[in-house]
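Summary of structural features
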Amino acid sequence: MAVADSPVPDLASRATACAERLRATDRVLLASHIDADGLTSAAVASTALARAGVDHEVVFEKQLDDAAIEGIAATGYDTVLFTDFGSGQLDAIAEHEAAGQFTPVIADHHQPADADTELHLNPLLEGINGASELSGAGASYVLARALEGPDGDNRDLAALAVIGAVGDMQDSDGELVGANAAIVRDGVDAGVIETRTDLDLYGRQTRPLPKLLEYASDVTIPGISNDEAGAISFLADLDVDAKRDGEWRRWVDLDAGERQTLASGLMRRAVASGVPADRIEALVGTSYTLVDEERGTELRDVSEFSTLLNATARYDRADVGLAVCLGDRGDALAEARRLLRTHRRNLSEGLQWVKNEGVVHEANIQWFDAGSRIRETIVGIVAGMAVGSPAVDRSKPVIAFAEESAEELKVSSRGSHALVRRGLDLSAVMHEASRAVGGDGGGHDVAAGATIPIGERDAFLAAADRLVGEQLS
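Let me begin by describing the structure that accompanies this report. Starting from 1, residues in each chain are numbered consecutively following that chain's sequence as written. Under the rules for a predicted model, residues below a pLDDT of 70 receive no local features and side-chain atom pairs below 80 are neither given nor counted, while totals for whole chains, interfaces and linings still include all residues. Where side-chain values are given, they derive from all heavy atoms of the structure, hydrogens and water being excluded.

Helix and strand labels come from DSSP, where a helix needs a run of H or I of at least four residues and a strand needs a run of E of at least two; each type is numbered from the N terminus. Secondary structure assignment for the chain yields 18 helices and 15 strands. The quantity called the radius of gyration is restricted to C-alpha atoms. Its globule counterpart is 2.2 Å times the number of residues to the power 0.38. Relative to the compact-globule value of 23 Å for 473 residues, the chain shows a C-alpha radius of gyration of 22 Å, a close match. Reported as C-alpha extents along the three principal axes, the dimensions of the chain are approximately 70 × 55 × 40 Å. Residue pairs in contact within the chain that sit at least 24 positions apart in sequence constitute 66% of those at least 6 positions apart. Of the roughly 19,100 Å² of accessible surface on the chain, 44% is carried by carbon and sulfur atoms. Asp and Glu count as negative and Lys and Arg as positive, but His and the ends of the chain are not part of the count. Note on charges: their place is set at NZ of Lys, CZ of Arg, CG of Asp or CD of Glu. Averaging the locations of the 43 positively and 79 negatively charged side chains of the chain gives two centres separated by 7 Å. The contact criterion used is simple: two residues touch if any of their non-hydrogen atoms lie within 4.5 Å. Methods summary: accessible areas were calculated by the Shrake-Rupley approach with a probe of 1.4 Å, and residue burial reflects only the protein chains presented.

As structure tokens, then:
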């Protein structure tokens with residue numbers, strides 16, 4: 001692929017080398033992570049491999065630890081494509097490569113380990129921010145474009161890449177930027193994505209208007225946020241027909257004039273309530289709509305689609321999430337929606353538990369230990385939700401623990417982009433603090449995770465608190 005044809009020219013040569021290896025092999029094992037970014041990464045790569053005529057099998061791993069890599073090596077595949085993980089585990093992967101067990105091809109965006117391999121597609125290697133400018137699905141998309149043949153291009157896969165980026169919270173400042181923005185343009189050009197400036201609240205396609213406003217926790221507006229009666233009263237005072245035929249309408253049901261009226265009223269209320277100007281600005285952002293999906297469903301809006309995916313693989317049903325990504329709108333979608341109901345209930349109960357129990361404050365961090373009360377695959381999501389709620393102090397990163405097994409604790413950490421701008425790098429904190437106690441970890445500057453021995457929590461916290469203090473001093 002010519003550099004000019006790549007959505008991310010700086011990665012074109014790496015993508016081409018990876019694509020050439022994949023085309024030259026008879027069979028590929030595709031291994032990916034279980035979150036929304038990992039599922040969409042796998043779907044993008046699997047579709048591109050199928051279109052290129054490359055036989056492959058897809059497997060998912062909750063975490064790419066030594067045991068998982070050994071299991072992958074034991075499958076006997078000569079070539080293994082890792083998507084949305086692999087870079088941070090290159091030291092272990094490189095040992096298997098050196099032993100001649102398999103050739104790794106990596107399309108990832110996490111902080112690389114010290115080791116390296118020839119076929120390594122990662123934005124960080126070219127000075128592109130992997131936490132805010134290109135997701136795992138975005139890296140897979142760059143690879144997919146390099147895999148294109150003469151019969152057509154893969155620009156339609158930009159839709160999945162955008163779902164992955166938003167699911168990875170890379171639009172936290174209101175829109176996708178950098179390399180992600182180039183992928184959005186591909187999707188618009190391919191006719192699969194529409195963008196527009198819109199009210200930046202979750203649930204625009206599916207939530208009734210009162211719930212849309214009540215549950216909007218990123219920007220707290222007194223008398224509306226977390227206040228059902230207040231949200232209903234606010235709507236009643238607007239010149240908007242919030243109900244039709246006795247049923248609450250949704251944001252997607254409003255015409256342009258009604259949306260403008262509601263958004264303006266929300267802004268006025270925020271100003272009158274003393275909400276800071278920068279938080280008011282956060283009420284507006286760029287929406288990404290998947291035009292081929294049914295209007296008013298979870299699949300039409302990329303944020304809601306990513307939540308649907310998180311409800312599958314995080315509950316051991318990666319097969320369901322992958323099938324939905326690949327176009328199954330029958331049994332797989334029905335099962336995903338059932339899992340989504342469970343996921344929402346678990347998130348609500350988890351966040352309520354954090355609010356009730358509170359967090360423990362150290363000098364530079366705050367933390368909670370959910371034990372077995374919050375599923376370890378979703379404790380990071382709960383921690384992220386807590387950051388946007390009154391339950392935690394936004395001036396410190398939050399660290400969450402949950403039992404992964406009788407021997408290990410899952411650690412998830414979440415910060416804010418304001419803290420990152422001050423020097424916070426949770427990837428380094430998780431990596432160094434976990435290694436100090438016999439565990440392992442990594443991720444991004446604003447969100448990262450680790451696994452540690454179950455008896456090492458306090459020692460880990462002491463190391464993490466010290467490291468964060470040094471970064472923010």
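Read on for the rest.
Expected span, for any helix, means 1.5 Å times one less than how many residues it has. The first and last C-alpha atoms of helix α18 (residues 457-472) sit 22 Å apart over 16 residues, in line with the 22 Å expected at 1.5 Å per residue. If you check which residues of α18 are buried, you get F460, L461, A463, A464, D465, L467, V468, G469 and L472. If you follow the buried residues of α18, they end up packed against β11 (366-369), β12 (398-403), β13 (408-414), α16 (417-421), α17 (426-436) and β15 (447-453). For every residue, the accessible area (1.4 Å probe, protein chains only) is compared with the maximum for its type, and the residue is labelled buried under 20%, exposed over 50%, or partly exposed between those bounds.

A few words on the pairing of β15. Within β15, six of the seven residues are buried, which leaves it mostly tucked inside the rest of the structure. Only strands that DSSP links by at least two bridges are regarded as paired with each other. Judged from the seven bridges that link them, β13 and β15 form a sheet pairing that is antiparallel. Counted as the bridge partner of E408 is P453 from β15. The sheet contact formed by strand β14 (residues 440-443) and β15 spans four bridges and is antiparallel. Within β15, the residue paired with D440 across the bridge is T451. The turn joining β14 and β15, which pair antiparallel and follow one another in sequence, is formed by three residues.

Salt-bridge detection follows one rule: a side-chain nitrogen of Lys or Arg within 4 Å of a carboxyl oxygen of Asp or Glu. Under the defined criterion, the tally for this structure stands at 24 salt bridges. Residue R317 pairs with E335 through a salt bridge whose shortest N-O separation is 3.7 Å. Remark: E335 occurs in helix α14 (residues 331-357) and R317 occurs in the loop between α12 (302-313) and α13 (318-325); sequence separation between them is 18 residues. Here R457 ties to D369 by a salt bridge, and the two come within 2.9 Å at their closest N and O atoms. Taken together, the positions of R457 in helix α18 and D369 in strand β11 put the pair 88 residues apart, joining distant regions of the chain. R457 gets classed as partly exposed once you look at its relative accessible area, which sits at 24%. Taking relative accessible area as the criterion, D369 reaches 21% and is therefore assigned partly exposed. One continuous salt-bridge network, built from bridges that share partners, spans R317, D319, E335 and R338.

Residues other than glycine seldom take positive phi values, yet D84 does so here, at roughly 65°. Mapped onto the elements, D84 comes out in the loop between β3 (79-83) and α4 (90-98). Take D84: its relative accessible area is 2%, and that puts it in the buried class. Positive phi is not limited to glycine here, since D245 has a value of about 55°. Here D245 is to be found in the loop between β7 (243-244) and β8 (247-248).

Next up on the list: the sheet that holds strand β5 (residues 120-121). Read from one edge to the other, the open sheet built from five strands follows the order β2-β1-β3-β4-β5, with strand pairing classed as parallel. Looking at the sheet topology across the chains shown, the edges are occupied by β2 (55-60) and β5. In terms of strand pairing, β3 meets strand β4 (residues 103-107) through five bridges, oriented parallel. Across the sheet, the residue bridging to L81 is V105, located in β4.

Looking now at the sheet that holds strand β10 (residues 360-361). In space, the six strands of this open sheet follow the order β10-β11-β12-β13-β15-β14, with mixed pairing throughout. For this open sheet the edge positions go to β10 and β14, each flanked by a neighbour on one side alone. As paired elements, β10 and β11 share two bridges and run antiparallel to each other. Its bridge partner being in β11, V360 is matched across the sheet by W367. Where helices are involved, their axes are fitted lines through C-alpha atoms of the stretch in contact, as for all axes, and angles between N-to-C directions lie from 0 to 180°. This element, α17, spans β12, β13, β14 and β15 of the sheet and lies at about 175° to β14.

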